[in-house]
Amino acid sequence: MVLDRTTSPGGATSPGIDDSALDHLIGEQEQIFLDRQPRSRQLHARAAKVLAGGVTSSWQITRPQPVFIERGAGSKIYDVDGNEYVDLHGGYGAGLAGHAHPAIVEAVARQVRRGTHFAQPSEDAVVVAELLAERFGMPKWRLTNSGTEATMDAVHLMRAVTGRDLIIKVEGCYHGHHDAVQVSVMPDEDDGIGPASRPASVPASSGIPRAMTDLTLVATFNDLGSVSRILEEHPDGVAGMILEPIMMNAGIIHPVDGYLAELVSLLHRHGALVCFDEVKTGLAAGYGGATAATGVRPDIVCLAKAIGGGLIAGAVGATEELMAHVADGDYEMVGTFNGNALSMAAARAMLEEVATPAAYERLDRQREVIGERLGSSISRHGLPAHVVSAGAKGCVTFSTSPVRNYRDFLAVDDRFNHLHWLVQHNGGVFLPPWGKTEQWLVSVQHDDADIDRFTDNFERFAATVSSLLPGGNKLD
Ligand SMILES: Cc1ncc(COP(=O)(O)O)c(C=O)c1O
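Our focus in this paragraph is the overall build of the protein chain. Per the secondary structure count, the protein chain includes 17 helices and 14 strands. Taking 476 residues into account, the globule formula puts the C-alpha radius of gyration at 23 Å, and the protein chain, at 22 Å, falls close to it. Counting only C-alpha atoms and orienting by the principal axes, one finds that the protein chain spans roughly 70 × 55 × 45 Å. Within the protein chain, the fraction of its 476 residues that count as buried is 51%.

Below is the structure:
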């Protein structure tokens, strides 16, 4: 299928729901949304003449229309129509610092006056690598400009070190838009995904040659058997496996106990390497990401998003042995803007002054408050849903059963997510538009009033949705 989030994968519907009342509610909320944003509509029409699709990245094409943002301050963003939102979108998980954080502003302002780009290393880059090494337990680092670049270098490195071509990825994990990982990202059932016990390798987009897709073999999250089958079918063929240690692009799916540790030993027994893609989990899941939280050490860690404090930065950390291949030129990890002075100034401030142990204590408390309040709205109104969170990130999964892998995720009804997104948006809270795949990120600048606005909106949403449930009060 063409990678397109204008509709989320999995057209599942919940049994017993009053479909026409749900569609009616969605239509009503979409109209409120449009009425609040005439200037965004005008800008989108103008943008469509010069920007493909009227946006700067395809995932900004959202229903009912893209929202043009004017500015951000602290925990809030403001659209071009002057509407204020508590920003829980967080720029798809990059906004852990919130907006215009004083420490980031100061660091960037200082650096911008001293020059932004030299294509030579700086002291800030050394400090950033030292701090990442301390947090993520990987001794050696290189810097990139995005998550895509980080995972692309990681895949190249696994292939370079092992001399093998095949890689394994998890169905439903997104690792950026390079060929090797543009496979089985968000396939729909009618894309030829194969049985759950043997997922097929499905190109995630047009433009990905079959010859590339065939080099990426697909496993099921939380299922060691699916990995061991691939390894046995391809003796000495697999360079390594890339995965999100906590899946964060299919709602949030935690690894079951022991999965990650056993996965690492299984792959190592077959001479294959392991890369944790912590682009999204990274600083958002905790001080040292999922790597520190789970205590499982992979061979490579990829970072991006939050580490730049809102600027453009990515990083690859790896063992001494692997990075020796980079240091001695066997694998050349290159890029004009890698570790550029401006990004490194921001990343240093992020690591030293923003994502501090005290900030994580506060985020932990906020996560508990959100979990408790949303959980009690869910039980009070009998919603078929549960809350899943990890560090500063969280989501409501609209299903009563736990979601353990992508196939479970496909079975979740997407319409509740869209309605929830609209209700929050019209109530002054900006969540990521593709609520089935991703929901909130709380930043270090969010306060109690922000959390109240979010949880109050959820309570209103839950009360409304309960009327659509079998036996619920019908809407007028
Ligand atoms: C887990 C993961 N890896 C990699 C990427 C790609 O990062 P970028 O968009 O910075 O290229 C993303 C982006 O959403 C991601 O969520």
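From this point, things continue past the structure.
If you trace the three strands from one edge of the open sheet to the other, you get β11-β12-β14, paired in antiparallel fashion. At either margin of the open sheet sits one strand with a lone partner, and together these are β11 (386-390) and β14 (440-441). By the bridge criterion, two bridges tie strand β12 (residues 393-397) to β14 in an arrangement that is antiparallel. Considered in β14, the bridge of K393 is made with L441. Docked against the sheet, helix α14 (residues 357-381) engages β11 and β12, running at close to 170° with respect to β11.

Judged by nonpolar contacts, the single largest core of 138 residues is most densely connected at A154, I167, I300, A346 and M350. Among the elements that line this core, the one with the most residues is helix α13 (residues 341-354), at 10 residues. Those residues in contact with A346 that sit more than four places away from it in its chain are I104, A107, V108, G308, G309, G310 and L311.

For any two helices packed against each other, one specifies the inter-axial angle together with the distance between the axes. The contact between helix α16 (residues 415-426) and helix α17 (residues 448-466) brings their axes to 9 Å, and the two run at 135°. With respect to each other, α16 and α17 are oriented oblique. Between α16 and α17 lies a crossing of right-handed hand. For the pair α16 and α17, the contacting residues are F416, H420, V423 and Q424 in the first and N457, R460, F461 and V465 in the second. Of the residues that constitute the contact of α16 with α17, the class distribution is four nonpolar, three polar and one charged.

Turning next to the site of the ligand. Lining the immediate environment of the ligand, one finds 14 residues, of which S146, G147, T148, G176 and V279 sit closest. Looking at which element gives the most residues to the shell around the ligand, the answer is helix α6 (residues 147-162), with three residues. Here the shell around the ligand is composed, by residue class, of four nonpolar, seven polar and three charged.

With that settled, consider the domain arrangement of the protein chain. By convention, interface size is frequently given as the accessible area that disappears when the constituent parts associate. Assigned domains of the protein chain: these are domain 1 (19-96 + 356-388 + 401-466) and domain 2 (102-354). For domain 1 versus domain 2, the distance between C-alpha centres works out to 26 Å. Those elements giving two or more residues to the side of domain 1 that touches domain 2 turn out to be α14 and α15 (406-410). The element that contributes the greatest number of residues to the side of domain 1 that touches domain 2 is α15, accounting for four residues.

Before going further, it helps to spend a moment on the pairing of strand β5 (residues 166-170). The buried fraction of β5 is high, at five of five residues. Side chains L166, I168 and V170 of β5 all project onto a buried face; the interleaved residues I167 and K169 project onto the opposite face, where all are buried too. When β5 meets strand β7 (residues 238-243), the two strands line up parallel, connected through four bridges. Bridging from a neighbouring strand, I168 pairs with M241 of β7. As paired strands, β5 and strand β6 (residues 216-219) are joined by four bridges and run parallel to one another. Bridge assignment links I168 to a residue of β6, and that residue is L217.

Turning next to unusual backbone geometry. Here R63 and P64 are connected by a cis peptide whose omega angle stands at 5°. The phi dihedral of K305 falls on the positive side, at around 40°, and the residue is not glycine. By the element assignment, K305 lies in the loop between β9 (300-303) and β10 (314-318).

The end-to-end C-alpha distance of helix α4 (residues 102-113), which contains 12 residues, comes to 17 Å, matching closely the 16 Å that a straight helix rising 1.5 Å per residue would cover. Downstream of α4 by one or two residues, G115 has phi in the positive range, about 100°.

Calculation criteria
- Residues numbered from 1 in each chain as written.
- Predicted model: local features only at pLDDT ≥ 70, side-chain atom pairs only at ≥ 80, totals over all residues.
- Helix = DSSP H or I, 4+ residues; strand = E, 2+ residues; numbered from the N terminus.
- Rg over C-alpha atoms; globule rule 2.2 N^0.38 Å.
- Buried ≥ 20, exposed ≤ 12 C-beta atoms within 10 Å, placed from the backbone.
- Pairing = 2+ DSSP bridges.
- Contact = placed C-beta atoms within 7 Å.
- Axes fitted to C-alpha atoms, helices over the stretch in contact; angles between N-to-C directions.
- Core = buried A, V, L, I, M, F, W, Y, C linked by C-beta atoms within 7 Å.
- Parallel < 35°, antiparallel > 145°, perpendicular 65-115°, else oblique.
- Left-handed = near helix turned anticlockwise from the far one by under 90°.
- Nonpolar A, V, L, I, M, F, W, Y, C, P; charged D, E, K, R; others polar.
- Near = placed C-beta within 6 Å.
- Domains from an automatic or database assignment.
- Expected span 1.5 Å × (residues − 1).

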